[in-house]
Amino acid sequence: MKLSIVIPCYNEERTLRKAVARVVATDIGEVSKEILIVDDGSADNSVEIINALEKEHEEIVALFHEQNMGKGAALKTAIAAATGDILLIQDADMEYSPSDYPKLLEPILDDRADVVYGSRFKGGEPGRVLFFWHSAGNKFLTLTSNMMTDLNLTDMETGYKVFKSEIIKQIDIEEKRFGVEPEITAKIAKLDPRPRIYEVGISYAGRTYAEGKKIGWKDGFRALYCIMKYK
């Protein structure tokens, strides 16, 4: 069994090396792993860091966009190149902890699930206290998405999504930016037969905007549009 860990990267020089070190060090038992880092046209030193990391670790595959196209575009590039049986999305900003990999993978490895979402709102794990309106917006978008897809997710916008590769490779990603989250969810829900979807609670160390957080209110409106577009 092989796990493809996909890391989209845009101007993450402050956290990238530490985040990748945590991914490399995470023990996932007998499951082998490849780490696909997609630099999405970074203007800082991320490219140099990625090139160095690829030389240091044989499991790392470096992929590059010449210009910034967005998270959705980076995911599309990585998914096409992935060779693992399972694919996991990992942000480069250290908001999500690789220590949660075992619980994220367990339902798939036990053949109970085809897709697993890591929920920041399911409870039971530490989570940094930050923005009320971000939390309220996420819950509103999740509720609206659930109404369109007939799912009962608690965190549609989560950055931790895990798929059997045969499932995610069926999805043609169209969204370039953060609208990819509701797009993937809607398209997964429309597959026939519908995949078995699980959620597990995860820890979350969110960032402030001063610390590099990128998503904003415009992305929230785009997400709402995407929920309606791909329903």
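The structure we're discussing is the one just above.
Residues numbered from 1 in each chain as written. Predicted model: local features only at pLDDT ≥ 70, side-chain atom pairs only at ≥ 80, totals over all residues. Heavy atoms only, no water.

(A) Summary view of the pattern of salt bridges. Tallied over the entire structure, the rule returns 18 salt bridges. K103 serves as the salt-bridge partner of D100, at 3.9 Å between the closest nitrogen and oxygen. Here K103 falls in the partly exposed class, since its relative accessible area comes to 25%. Two residues, D155 and R120, come together in a salt bridge whose shortest N-O distance is 2.7 Å. You can see D155 sitting in the loop between α5 (132-149) and β6 (161-164) and its partner R120 sitting in the loop between β5 (115-119) and α5, a full 35 residues away along the chain. Accessibility expressed as a relative area gives 0% for D155, which makes it buried. Among the residues examined, R120 registers a relative accessible area of 17% and is labelled buried. (Salt bridge = Lys/Arg side-chain N within 4 Å of Asp/Glu carboxyl O. Buried < 20%, exposed > 50% of the residue type's maximum accessible area, 1.4 Å probe, protein only. Helix = DSSP H or I, 4+ residues; strand = E, 2+ residues; numbered from the N terminus.)

(B) Inspection of the pairing of strand β3 (residues 60-65) at higher detail. Bridging between strand β2 (residues 32-40) and β3 involves six bridges; their strand directions are parallel. Bridging from a neighbouring strand, L36 pairs with V61 of β3. In terms of handedness, the path from β2 via helix α2 (residues 46-56) over to β3 forms a crossover that is right-handed. (Pairing = 2+ DSSP bridges. Right-handed = clockwise from strand over helix to strand, strands pointing away.)

(C) Quick look at unusual backbone geometry. Residue D192 is joined to P193 through a cis peptide bond whose omega torsion reads 0°. Even without glycine at this site, M94 takes up a positive phi of about 70°. One non-glycine residue with positive phi stands out, namely D150, at about 60°. Structurally, D150 can be placed in the loop between α5 and β6. Overall, the relative accessible area of 65% leaves D150 in the exposed class.

(D) Seen up close, a nonpolar patch on the surface. On the surface, a cluster of nonpolar side chains totalling about 390 Å² of accessible area is made up of L143, M147, M148 and M228. Looking at the nonpolar patch, the element that brings in the most residues is α5, giving three residues. Considering the arrangement of structural elements, one finds M228 in helix α8 (residues 217-229). (Patch = residues over 30% accessible without salt bridge, like charges linked within 9 Å, V, L, I, M, F, W, Y side chains within 5 Å. Areas by Shrake-Rupley, 256 points an atom, 1.4 Å probe, with all protein chains shown as cover.)

(E) Region of the structure containing the sheet that holds strand β7 (residues 197-201). If you walk across this open sheet you meet the seven strands as β3-β2-β1-β4-β6-β5-β7, and the pairing is mixed. Sheet topology places β3 and β7 at the edges, where each strand pairs with a single neighbour. Strand-to-strand, the axes of this sheet are offset by a mean angle of 20°, without reference to chain direction. Against the sheet, helix α7 (residues 180-190) contacts β5, β6 and β7, and its axis sits at roughly 35° relative to β6. (Axes fitted to C-alpha atoms, helices over the stretch in contact; angles between N-to-C directions. Contact = heavy atoms within 4.5 Å.)

(F) The arrangement of the packing of aromatic side chains in detail. Per the counting criterion, the structure on display carries three aromatic pairs. Consider the rings of Y96 and Y160, whose centres lie 5.0 Å apart with planes at 50°: the pair is tilted. Within this pair, whereas Y96 is found in the loop between β4 (86-89) and α4 (101-109), its partner Y160 is found in the loop between α5 and β6, the two being separated by 64 residues in sequence. Classification of Y160 by relative accessible area gives buried; the value is 0%. Among the aromatic residues, those joined into a cluster by ring pairs are Y96, Y101, Y160 and Y204. If you follow R120 out to its NZ or CZ, it ends over the ring of Y204, 5.1 Å from the centre. Stacked on the ring of F121, the Lys or Arg K139 has its end atom at 5.2 Å from the ring centre. (Phe/Tyr/Trp six-rings, centres within 6.5 Å; stacked < 30°, edge-to-face > 60°. Lys NZ or Arg CZ within 6 Å of the ring centre and 35° of its normal.)

(G) How the structure looks around the side chain of K33. Summarising the element assignment, K33 is placed in strand β2. Among buried charged residues, K33 stands out as having no salt bridge; its nearest opposite-charge side chain is E59, 5.5 Å away. Here the side chain of K33 touches V23 through a polar contact of 2.8 Å, landing on its backbone oxygen. Side-chain polar atoms of K33 contact the backbone oxygen of V24, separated by 3.0 Å. Those residues in contact with K33 that sit more than four places away from it in its chain are L3, I5, V23, V24, A25, T26, I28 and E59. (Lys, Arg positive; Asp, Glu negative; His and termini not counted. Polar contact = N/O pair within 3.5 Å; in protein donor to acceptor, adjacent residues only side chain to side chain.)

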